[in-house]
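# Fold and geometry: a report
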Amino acid sequence: MTGQPVYAAVCAGAAVWLLLDRQRGPRRARLLFAGGGETAVRAAPWSWRRWTPVVGLRREWACLVVAVVLAVLGESVLPLVAGACAVPLVARRLRAAERARERERRADAVIALCGAVAGELRAGWQPGQALLWAARDTGALGGEEAAVLAAARFGGDVPEALRRAAREDGADGLVGLATCWQVAVDGGAGLAAGLDRLDAALRERRDQRERLRAQLAGAWATVGLLALLPVVALAMGWALGADPLRVLLHTPAGLGCLAVGGLLEGLGLWWAGRIVRAGEEP
């Protein structure tokens, strides 16, 4: 029985690795074979990309996989209940992280758009033509790209179209582009010079955000370490020859300690995360 927790942990780790790393192979193949990488990945019989649409696996279901292993190991249904409750919470967290990454990608695209438009203007293009060429390469306009390009091509209200595009997450820099465009059209000011200053301001804001994130990396590492402490305690119990899951899941004192400990663990993680996120706010 002493090797049973080790085998279960190995199985759980392998399952989690397969769930979380199923995109690594296709991504590497696309990098190595730029022309035919996608075809090669689709033809591979072992590719997760081929079977994921059928199975419907997502990263948050790793919680349920670990819960099944713990339920079998501890001979209790409580880990299954906890895993089922954790799936929507983890899914919500993953969606929030994806939205944050998309917001940062959009902000970087807006910076690239400002620099590209300024470069096209210095190359001799008219503002509308410069915006048409730059927008196709950066993809910073999102769902309003067609409206902005139509306004630039046919002499419409480009600043208003840019302000509508700025409503998307991460695209608030387009408000500055719209303002520069409006000033250049109404007052005759140089659009390229205004875009250079806007590009510098947006880059400075991005660099400030990156510096702040680097300074808070240690705090987030501490939060992650606190989250792993109960797992370390269980592993130490198994290493000493005890059976912590049986005590926690099948005795009144263990169930009480599990409930109180889980509540305190959740409150501690929430409070620590709240403190760190407050430091990330501008």
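Residues numbered from 1 in each chain as written. Predicted model: local features only at pLDDT ≥ 70, side-chain atom pairs only at ≥ 80, totals over all residues. Heavy atoms only, no water.

### A look at the overall build of the protein
Per the secondary structure count, the protein includes 14 helices and zero strands. When the elements of the protein are put in sequence order from the N terminus, they spell out α-α-α-α-α-α-α-α-α-α-α-α-α-α. Looking at the protein residue by residue over its 282 residues, the buried ones come to 28%. Taking contacts inside the protein between residues at least 6 apart in sequence as the whole, the part at least 24 apart equals 54%. (Helix = DSSP H or I, 4+ residues; strand = E, 2+ residues; numbered from the N terminus. Buried < 20%, exposed > 50% of the residue type's maximum accessible area, 1.4 Å probe, protein only. Contact = heavy atoms within 4.5 Å.)

### Focus on the environment of Asp-169
Tracing the sequence through the fold places Asp-169 in the loop between helix H9 (158-165) and helix H10 (173-187). Those residues in contact with Asp-169, other than ones at most four positions away along the chain, are Arg-103 and Arg-106.

### A word on the side chain of Arg-106
Mapped onto the fold, Arg-106 is located in helix H6 (residues 78-122). For Arg-106, a relative accessible area of 13% corresponds to the buried category. With near-sequence residues (within four places) excluded, Arg-106 lies in contact with Gly-139, Ala-140, Gly-142, Glu-168, Asp-169, Gly-170 and Ala-171.

### Topic: H6
An ideal rise of 1.5 Å per residue puts 66 Å on 45 residues; H6 measures up with 66 Å between its terminal C-alpha atoms. Within H6, the axis deviates most sharply at Ala-86, by approximately 25 degrees, and proline Pro-88 lies no more than four positions further along. Phi turns positive, to about 110 degrees, at Gly-124, one or two residues after H6. (Expected span 1.5 Å × (residues − 1). Bend = angle between axes of the 7 residues up to and from the residue.)

### Some remarks on the packing of helix H8 (residues 145-154) against H9
Look at H8 against H9: their axes get within 9 Å of each other, and the N-to-C directions meet at 170 degrees. One way to sum up the angle between H8 and H9 is to call them roughly antiparallel. Seen from H8, the contacting residues are Ala-147, Val-148, Ala-151 and Ala-152; seen from H9, they are Val-158, Ala-161, Leu-162, Arg-164 and Ala-165. Residues that form the contact of H8 with H9 fall into these classes: eight nonpolar, no polar and one charged. (Axes fitted to C-alpha atoms, helices over the stretch in contact; angles between N-to-C directions. Parallel < 35°, antiparallel > 145°, perpendicular 65-115°, else oblique. Nonpolar A, V, L, I, M, F, W, Y, C, P; charged D, E, K, R; others polar.)

### Describing helix H7 (residues 127-138)
For H7, with 12 residues, the first-to-last C-alpha span of 16 Å sits near the 16 Å given by 1.5 Å per residue. Among the residues trailing H7, Gly-139 stands out with phi positive, at a value near 65 degrees.

### Let's talk about the packing of aromatic side chains
According to the stated counting rule, one finds two aromatic pairs in the structure shown. Ring centres of Trp-270 and Trp-271 lie 6.0 Å apart, and the angle between their planes is 50 degrees; on these two criteria the pair is classed as tilted. (Phe/Tyr/Trp six-rings, centres within 6.5 Å; stacked < 30°, edge-to-face > 60°.)

### Re the nonpolar core
Residues Leu-113, Val-117, Leu-131, Leu-141, Leu-174 and Leu-195 are the most contacted members of the largest nonpolar core, which totals 36 residues. Looking at which element gives the most residues to this core, the answer is H6, with eight residues. Not counting chain neighbours up to four residues away, the residues in contact with Leu-174 comprise Val-110, Leu-113, Ala-140, Leu-141, Leu-162, Ala-165 and Ala-166. (Core = buried A, V, L, I, M, F, W, Y, C linked by side-chain atoms within 4.5 Å.)

### A closer look at a positive patch on the surface
Where like charges cluster on the molecular surface, the positive patch consists of Arg-92, Arg-95, Arg-99 and Arg-103. You can see Arg-92 is positioned in helix H6. Taking relative accessible area as the criterion, Arg-92 reaches 60% and is therefore assigned exposed. (Patch = residues over 30% accessible without salt bridge, like charges linked within 9 Å, V, L, I, M, F, W, Y side chains within 5 Å. Areas by Shrake-Rupley, 256 points an atom, 1.4 Å probe, with all protein chains shown as cover. Salt bridge = Lys/Arg side-chain N within 4 Å of Asp/Glu carboxyl O. Lys, Arg positive; Asp, Glu negative; His and termini not counted. Charge placed at Lys NZ, Arg CZ, Asp CG, Glu CD.)

### So, the side chain of Ser-76
By the element assignment, Ser-76 lies in the loop between helix H5 (62-74) and H6. Here Ser-76 falls in the buried class, since its relative accessible area comes to 13%. A polar contact is formed between the side chain of Ser-76 and the backbone nitrogen of Leu-78, at a distance of 3.2 Å. With residues near it in sequence (within four places) discarded, Ser-76 still touches Ala-71, Leu-249 and His-250. (Polar contact = N/O pair within 3.5 Å; in protein donor to acceptor, adjacent residues only side chain to side chain.)

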